[in-house]
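One letter stands for each residue in the lines below.
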Amino acid sequence: MTQDTIFQGIDTIIIRVSDLSRSRQWYTENLGLTVLWEDPAMKLVVFDMSGTASITIWQTDVPINPDRDTASYPIFGTTDARAARQALLQKAVEVSDLTEDDATAWFLFYDPDGNVLEACQVL
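Residues numbered from 1 in each chain as written. Predicted model: local features only at pLDDT ≥ 70, side-chain atom pairs only at ≥ 80, totals over all residues. Heavy atoms only, no water.

S.K.: How do you make sense of the pairing of strand S3 (residues 44–48) when you look at a structure like this?
M.R.: A regular strand places its side chains so that they alternate between the two faces of the sheet. By the criterion of burial, S3 is predominantly enclosed, with four of the five residues buried. As judged from the five bridges shared by strand S2 (residues 34–39) and S3, these two strands associate in the antiparallel manner. In the sheet register, Asp-39 faces S3, and the bridge partner there is Leu-44. As judged from the four bridges shared by S3 and strand S4 (residues 54–59), these two strands associate in the antiparallel manner. Bridging from a neighbouring strand, Leu-44 pairs with Trp-58 of S4. A loop of five residues connects S3 with S4, the two strands running antiparallel in sequence, and Ser-50 in this loop sits at a positive phi of about 55°. (Buried < 20%, exposed > 50% of the residue type's maximum accessible area, 1.4 Å probe, protein only. Helix = DSSP H or I, 4+ residues; strand = E, 2+ residues; numbered from the N terminus. Pairing = 2+ DSSP bridges.)

Quick look at the structure:
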């Protein structure tokens, strides 16, 4: 770390949701995430990602209108993108086609609010 560095990494990624209870259930059941902490008063749930960063879903009363072409989104690492995609399809999660090149295999998928998420395998 140099003296000019003021940040030490990503702490959490916020994903805004319209219904905290529905989204909490979706993220735990479909992605297998474990709740690290939750605050019903603030309407948020923090999920453990077994690394330095966490994912926080945070309820908002503002309509959520993600633009799939311009949205910022988290990318989940996987050791088998094809199997991960198939597992999500079996849970009726909306997923894109699998894209593969010489270095990666990846696909997009979407939570109940249409938030963009990605799974990526480094080949």
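S.K.: Help me understand the packing of aromatic side chains, please; the structure alone is not making it clear to me.
M.R.: Any two aromatic rings considered together are summarised by their centre-to-centre distance and by the angle between their planes. This structure, assessed with the given rule, holds four aromatic pairs. Between Tyr-27 and Phe-47, the ring centres sit 5.8 Å apart and the planes meet at 25°, which makes this aromatic pair stacked. Taken together, the positions of Tyr-27 in helix H1 (residues 20–31) and Phe-47 in strand S3 put the pair 20 residues apart, joining distant regions of the chain. Overall, Phe-47 belongs to the buried group, its relative accessible area being 0%. Aromatic pair Phe-107 and Phe-109: ring centres 5.8 Å apart, planes at 45°, arrangement tilted. For Phe-107, a relative accessible area of 0% puts it in the buried group. Classification of Phe-109 as buried rests on a relative accessible area of 3%. One Lys or Arg, Arg-68, reaches over the ring of Tyr-110 and ends 3.6 Å from the middle of that ring. (Phe/Tyr/Trp six-rings, centres within 6.5 Å; stacked < 30°, edge-to-face > 60°. Lys NZ or Arg CZ within 6 Å of the ring centre and 35° of its normal.)

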